[in-house]
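For reference, the chains in residue letters:
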Amino acid sequence: DEAFSAGMVFARMLHTEQALTVSDHRTELLANLIEASREMTSAFGADAVYASVLRSVHRLTPVRFAALVTMDIESGSPIVAQAVGERADRCVGQAIETEGGLATMVLKTPGIVPQSYVWSAMHGPLLSHDFGPKLADGDPALAIPLTVQNRSVGSLALVLHSPPDDDTVKL
């Protein structure tokens, strides 16, 4: 009976610890989201807003690479407005073919691609075969559509160090 009672106490302690860990993680995510919102609302000009968005993403989950793809006003084509991380210097200002890869595929779909958050060669490049990060099958990568009033205005292309949890992606 004593061993059973001790086991039950230990099980309750583990359950409480798990609940606190989840709560701490969500609190940290919300604090980062609030700080990101403050930073974005104080940015002036498109470039400052774009840079702020990428810093905010990095605050929520460390990234190996992140690119903000917007629609070029003159040509209507997708263009890399801002990028950080691996090989980012080669990306900024580059136009992306509409059939290029994940970052443009998501402009036509309502959800995140790939749904598994894991890249494979069958998905095509993240941005383009000519520029962007080098990816290997299994790398945690995804493209998130950016919409305003149900209209696609761009995408956020990410390569992470480890797969994201659903709470982070939903933010």
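Parameters at a glance
- Residues numbered from 1 in each chain as written.
- Predicted model: local features only at pLDDT ≥ 70, side-chain atom pairs only at ≥ 80, totals over all residues.
- Heavy atoms only, no water.
- Core = buried A, V, L, I, M, F, W, Y, C linked by side-chain atoms within 4.5 Å.
- Buried < 20%, exposed > 50% of the residue type's maximum accessible area, 1.4 Å probe, protein only.
- Helix = DSSP H or I, 4+ residues; strand = E, 2+ residues; numbered from the N terminus.
- Contact = heavy atoms within 4.5 Å.
- Salt bridge = Lys/Arg side-chain N within 4 Å of Asp/Glu carboxyl O.

Participant: Please explain the nonpolar core as it appears in this structure.
Facilitator: Side chains of nonpolar character tend, in soluble globular proteins, to be buried together. Ranked by internal contacts, the top residues of the largest apolar core, which has 21 residues, are F65, A67, V80, A83, C91, L126 and L127. Listing elements by their share of this core, those giving two or more residues are β1 (63–71), β2 (78–85), α3 (102–105), β3 (141–148) and β4 (151–160). It is β1 that contributes the most residues to this core, 3 residues altogether.

Participant: Where do I start with the side chain of T70 in this structure?
Facilitator: Residue position: T70 is located in strand β1. If sequence neighbours within four positions are ignored, T70 has contacts with Y50, S77, P78, I79, A81, V153 and G154.

Participant: Sorry if this is basic, but what is going on with the pattern of salt bridges here?
Facilitator: Taken as a whole, this structure holds 2 salt bridges when the rule is applied. In this structure, R64 engages E86 in a salt bridge whose closest nitrogen and oxygen atoms are separated by 3.0 Å. With a gap of 22 residues between them, R64 in strand β1 and E86 in the loop between β2 and α3 connect regions that are remote in the sequence. Judged by its relative accessible area of 26%, E86 falls in the partly exposed class. Here R64 ties to D139 by a salt bridge, and the two come within 3.3 Å at their closest N and O atoms. Taken together, the positions of R64 in strand β1 and D139 in the loop between α3 and β3 put the pair 75 residues apart, joining distant regions of the chain. When salt bridges with common partners are traced through the structure, they connect R64, E86 and D139 into a single cluster.

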